[in-house]
Amino acid sequence: MPEPFDQMLPGARSCGGHRGCRIRFEKRGRAKYISHLDLMRAMSRAVRQAGIPLWYTEGFHPHPYLSFPLPLPLGQESLCEAMDLRLEQNMPLTEIREGLNAILPEGLRVLSVAEPWNESGEIHAADYVVGCDFISEARASDWKSRAGELLGAGELRAAKRGKQGRRKIEKEIRLAEYIHRWSLEQNGAGVTLRLRLAAGSAANLNPALLCGALFAGAGEPADWSVTRTALLREDGADWE
Amino acid sequence: MSFKAIEPLLRQVQKPGRYTGGEPGSIDKSAAQNAGELPLRYALCFPDTYEIGMSHLGMKILYGLANSREDCWCERVFAPWTDMEKLMRAGGTALWGLESGEPIAGFDLVGFTLQYEMSYSNILNMLDLAGIPLRAAARGGALAPLVIGGGPCACNPEPLAPFFDLFVLGDGEQAQRELLDLLAAHKKRQSSKAEFLRAAAKLEGVYVPSLYTVTYNRNGLIEAVEPAPGAPARVKKRVVRDLDSCYFPERFVVPLLEVVHDRTVTELFRGCIRGCRFCQAGYLGRPVREKSPAVVDAQCRALCENTGYEEVSLCSLSTSDYSALPELLDGMLDWTLPRKINVSVPSLRIDRFPREMMERLALLRRGGLTFAPEAGSQRLRDVINKNITQEQVLSTARQAFSGGWTSVKLYFMIGLPTETREDIAGIAQLAQAVTDEFYRNPDKPKGKGVTVSLSAASFVPKPFTPFQWEAMDTKEQLDEKQVLLRSHIRSKKISLSCHHADISLLEGVFARGDRRLADVLEAAWRAGARFDGWDDQFKPELWRAAFESRALDPRDYTREREESEILPWDHLNYGVTKAFLLRERARAYRGETTPNCREACAGCGADECRIQGG
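Residues numbered from 1 in each chain as written. Chains lettered and ligands numbered in written order. Predicted model: local features only at pLDDT ≥ 70, side-chain atom pairs only at ≥ 80, totals over all residues.

(A) Highlighting the overall build of chain A. For chain A, the helix and strand inventory stands at 5 helices and 11 strands. For chain A, the spread of C-alpha atoms along the principal axes amounts to about 60 × 45 × 35 Å. For chain A, the residues scored as buried account for 35% of the 240 residues in total. The long-range share in chain A, meaning contacts at least 24 apart out of those at least 6 apart in sequence, stands at 73%. (Helix = DSSP H or I, 4+ residues; strand = E, 2+ residues; numbered from the N terminus. Buried ≥ 20, exposed ≤ 12 C-beta atoms within 10 Å, placed from the backbone. Contact = placed C-beta atoms within 7 Å.)

(B) Examining the overall build of chain B more closely. Counting its regular elements, chain B contains 22 helices and 19 strands. In terms of overall dimensions, chain B has a C-alpha envelope of 75 × 65 × 55 Å along the principal axes. For chain B, buried positions account for 49% of its 614 residues. In chain B, the share of contacts with a sequence separation of at least 24, taken over all contacts with a separation of at least 6, comes to 77%.

(C) A look at the packing of helix α7 (residues 120-130) of chain B against helix α19 (residues 517-526) of chain B. Residue and element names in this part refer to chain B. Their axes nearest at 9 Å, the elements α7 and α19 cross at an angle of 70°. On the basis of the axis angle, α7 is roughly perpendicular to α19. The chirality of how α7 crosses α19 is right-handed. Taking contact as the criterion, the partners of Tyr 120, Ser 121, Leu 124 and Asn 125 in α7 are, on α19, Leu 521, Glu 522, Ala 524 and Trp 525. Looking at side-chain class alone, the contact of α7 with α19 contains 5 nonpolar, 2 polar and 1 charged residues. (Axes fitted to C-alpha atoms, helices over the stretch in contact; angles between N-to-C directions. Parallel < 35°, antiparallel > 145°, perpendicular 65-115°, else oblique. Left-handed = near helix turned anticlockwise from the far one by under 90°. Nonpolar A, V, L, I, M, F, W, Y, C, P; charged D, E, K, R; others polar.)

(D) Up close: the sheet that holds strand β13 (residues 311-315) of chain B. All names here are of chain B. One open sheet accounts for 3 strands, arranged β10-β13-β14; its pairing is parallel. With partners counted over all chains shown, the strands left at the sheet margins are β10 (264-267) and β14 (342-344), one partner each. Averaged over all neighbouring strand pairs, the angle between strand axes comes to 20°, with direction disregarded. Judged from the 3 bridges that link them, β13 and β14 form a sheet pairing that is parallel. Each bridged residue has a counterpart across the sheet, and for Ser 313 the counterpart in β14 is Ser 344. (Pairing = 2+ DSSP bridges.)

(E) Structural detail: the interface of chain B and chain A. Contacts between the two partners involve 17 residues from chain B, matched on the other side by 17 residues from chain A. Every element with two or more residues in the side of chain B that touches chain A is listed here: α1 (3-10) and α2 (17-20) of chain B. A class-by-class count of the residues in the side of chain B that touches chain A yields 8 nonpolar, 5 polar and 4 charged.

(F) A look at the confidence of the model for chain A. Per-chain confidence: chain A averages 88 in pLDDT, with 92% of residues scoring 70 or above. Of the regions scoring below 50 in pLDDT, residues 1-16 of chain A engages in 22 contacts with residues more than four places distant in sequence or in other chains. (pLDDT = per-residue confidence, 0-100.)

(G) Inspection of helix α20 (residues 540-549) of chain B at higher detail. Residues and elements named next belong to chain B. Residues of α20 that are buried include every one of Trp 543, Ala 546 and Phe 547, and no others. Buried residues of α20, viewed axially, fall in a sector of 95°; they line one side. Exposed and oriented more than 90 degrees from the buried face of α20 are Glu 541 and Glu 548. Considering only its buried residues, α20 is in contact with α18 (501-511) and α19. (Arc of directions from axis to C-beta.)

(H) The arrangement of the sheet that holds strand β2 (residues 72-78) of chain B in detail. All names here are of chain B. Here 6 strands make up an open sheet; going across it, the order is β2-β1-β3-β4-β5-β6 and the pairing mixed. Single-partner strands in this sheet number two, and they are β2 and β6 (206-207). As defined by bridge partners, strand β3 (residues 109-113) adjoins strand β4 (residues 146-150) across 5 bridges and the pair is classed as parallel. Counted as the bridge partner of Thr 113 is Gly 150 from β4. Contacts from helix α5 (residues 57-67) reach β1 (40-46), β2 and β3, with the element oriented near 155° to β2.

(I) Molecular detail of the domain arrangement of chain A. Annotation of chain A at the domain level lists domain 1 (7-117) and domain 2 (122-232). Relative placement of domain 1 of chain A and domain 2 of chain A: their C-alpha centres are 28 Å apart. (Domains from an automatic or database assignment.)

(J) Geometry of unusual backbone geometry. Residues and elements named next belong to chain B. A cis geometry characterises the amide bond from Ala 144 onward to Pro 145, with omega recorded as -10°. By the secondary structure assignment, Pro 145 is in the loop between α7 and β4. Omega for the bond connecting Arg 286 with Pro 287 falls within 30 degrees of zero, at -5°, which places this linkage in the cis form. As for its placement among the helices and strands, Pro 287 is situated in the loop between α10 (280-284) and β12 (289-290). The phi dihedral of Thr 418 is positive, around 70°, even though this residue is not glycine. With respect to the helices and strands, the residue Thr 418 is situated in the loop between β16 (407-414) and α16 (421-440). One non-glycine residue with positive phi stands out, namely Phe 464, at about 65°. Topologically, Phe 464 is positioned in the loop between β17 (451-458) and α17 (475-488). Assessed through the 24 C-beta atoms surrounding it within 10 Å, Phe 464 is described here as buried.

(K) Representation of helix α9 (residues 193-200) of chain B. Among the residues of α9(B), those classed as buried are Lys193(B), Phe196(B), Leu197(B) and Ala200(B). Taken down its axis, α9(B) places every buried residue within 95° of arc, on the same side.

(L) Quick peek at the environment of Thr336(B). All names here are of chain B. Its location among the elements puts Thr 336 in helix α12 (residues 325-336). Judged by the 22 C-beta atoms lying within 10 Å of it, Thr 336 falls in the buried class. Separated by 181 residues in the primary sequence, Thr 336 and Leu 517 have C-alpha atoms spaced 49 Å apart. Not counting residues within four places of it along the chain, the set of residues in contact with Thr 336 comprises Val 312, Ile 341 and Val 343.

(M) Representation of the confidence of the model for chain B. Considering every residue of chain B, the mean pLDDT works out to 93; 95% of them sit at 70 or more. Scored as a whole, the predicted complex attains pTM 0.91, and scored at its interfaces, ipTM 0.78.

(N) Representation of the pairing of strand β11 (residues 223-232) of chain A. Residue and element names in this part refer to chain A. Looking at chain direction, strand β4 (residues 77-87) and β11 are connected through 2 bridges and run parallel. Each bridged residue has a counterpart across the sheet, and for Glu 77 the counterpart in β11 is Thr 227. Judged from the 9 bridges that link them, strand β6 (residues 125-133) and β11 form a sheet pairing that is antiparallel. Across the sheet, Gly 131 pairs through a bridge with Ser 225, a residue of β11.

Encoded structure:
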């Protein structure tokens, strides 16, 4: 007989009696150069070191249960990352936060620890801030108007790598289908591009892909950075 | 310079995590630095990639020890990969310490660990990227920066002599402490470099190459090595007598990107009782000194707690020879099992190990089983004093196969002294016998084949071994033997990998090289030599041209040495005497083995050896 479906969902509130726990953290500064795989390893070490009573999977190779609902690409910063754990015993949530913050490397900081409210599959979109710096105010304003035209026309395309079965394929996508909202704002020699992009398991767009296409048409800024600022549900509310 | 300054480079390189620093456990003393309370800045350099350097226990020990002093900030520096080097040169970014992000040219001490001859070009490259003049003589009379080196290759550092101010021979813990003390005092006194070096040469284990003049005769052989007044005629290596009371770090810097050995590690002992005649590490580390099991246990426990690592490795040259291994493992498993920490015991001889203990260690779950018979016939194994018999290999393999293992690695060397074509054929025969053993096993796992990975390294004669006088095979000989070995392999289950003969030969040249090679090294580096130990980076033609430009023939360095010759490292004293090495050489030629140090003392000359019954 198959197991009840709700017990198999990762991140479910109660999982085979093990308490779920969602850690929200930021990844900034030099921590943005920690790749996703390395982040998983670093987090699992930090959790052990902090003495958090992790639940281990059963079987021949027990491993701690850690999951990341929406991995962040290398080189991007975030104010809203999430990591789900399952605990074997209860531990006060504030102790988890303080314990981890005492250990985590510079740039990784736990903001909150709570019981998960939404399923990871409920992530629908994410907000990003792309900060673009230019060598002069004139360049910035020039770029802003060109970028605005390109985004407004909705014709930007990019090659996205994906898989068809086992085969690796590259397909061209229309970026507009993934852009829920955008705005441009100039501040001196800087332009801030705010984006709300499709995110999650159904449709997802890496903002770097959009930036690549945009810079190809409007020119490349002298310096730029990407920060993820929020994860959202389909109804537009914060994913929690 | 700060992190901000290197950030634009990080975006353009592979594995930016190699260069960011800020890992858990890394030491930040910027507050003391800004308050002007840090007299000593120390760059501890590993002349290879971050992933390799961060796996090295010696770096961790010296880093922790130097940073345990309030007057010193020790930072890590690794060789930038070629992509980063290009960007650094294009943008004029000087090599920085990972902890502060500040250029190391302004530091007091720049120390290199000398693990492998093929990393020498990286040392020059790192000095150059730092903006430090390569030659010690060109760095002027000021005390800083002082360029020092230590590690196994310091046993013959002659090819590096002109680039370094001093070398530390032997164990580094006490010598580093004394050097830092001395440096702090001389910095306060505003001494010149020459004053400091004259004082440093009086410390045990410190070799100041500029205080020794080497002259050569017309045949290019060394005529004499003259010490300056006040410098010892022979420099004795440093030995830590008591490992239990010796400093050992309680925490490691835990890398964020995956490195080669990513785990907690401690030594069980230094040195080795075995006396394999090709093995330099075994002779350099004499006498054997063990840590007590309680100390090992406590060190591992503290490290696991402070790092979060899930694996602890007990490392030594021949782990099975640790006298208290069963007691140690029994005690450790009591706390590692509940914490789900894996204990890994490399170079364990499982044929002598209780089955039940193996299962507790979960050894059977591991990927593969490794043997190092080193030579293909019993005759040649006797010559090299490698005491492992074919029957031992086969019986262990049998035991492992019945326990469900399906892969075996076998390590051999080719080019050993007295080697014949039969010895080479014997390598393939032994691999075949292991393969046959698998299929003879009645309870072998169904539907699974066996993989036997055969690795054939080239024998490189090294200083302070009984083979230090031997000729090294030529490129033609090594290539021919590799082809011969391959022709003897009949089974598809056996895969063979051989070392790049050109790399081994260059290693052989520098291992027994003299000071004249410094010019060759510099010429090769100027022509672009980097990461020479990496098959995909090594460029043999650069080195050929470098030798030609200096009118030196590499074959003069790989040739057989006369027993009467002055060897480039004869003024360095590693305890083992030349008389002992000559006796061992003669025994090798007679095919006589020498018992291990616990069975009978062979009179090697190592100081203060405390092995019982010797």
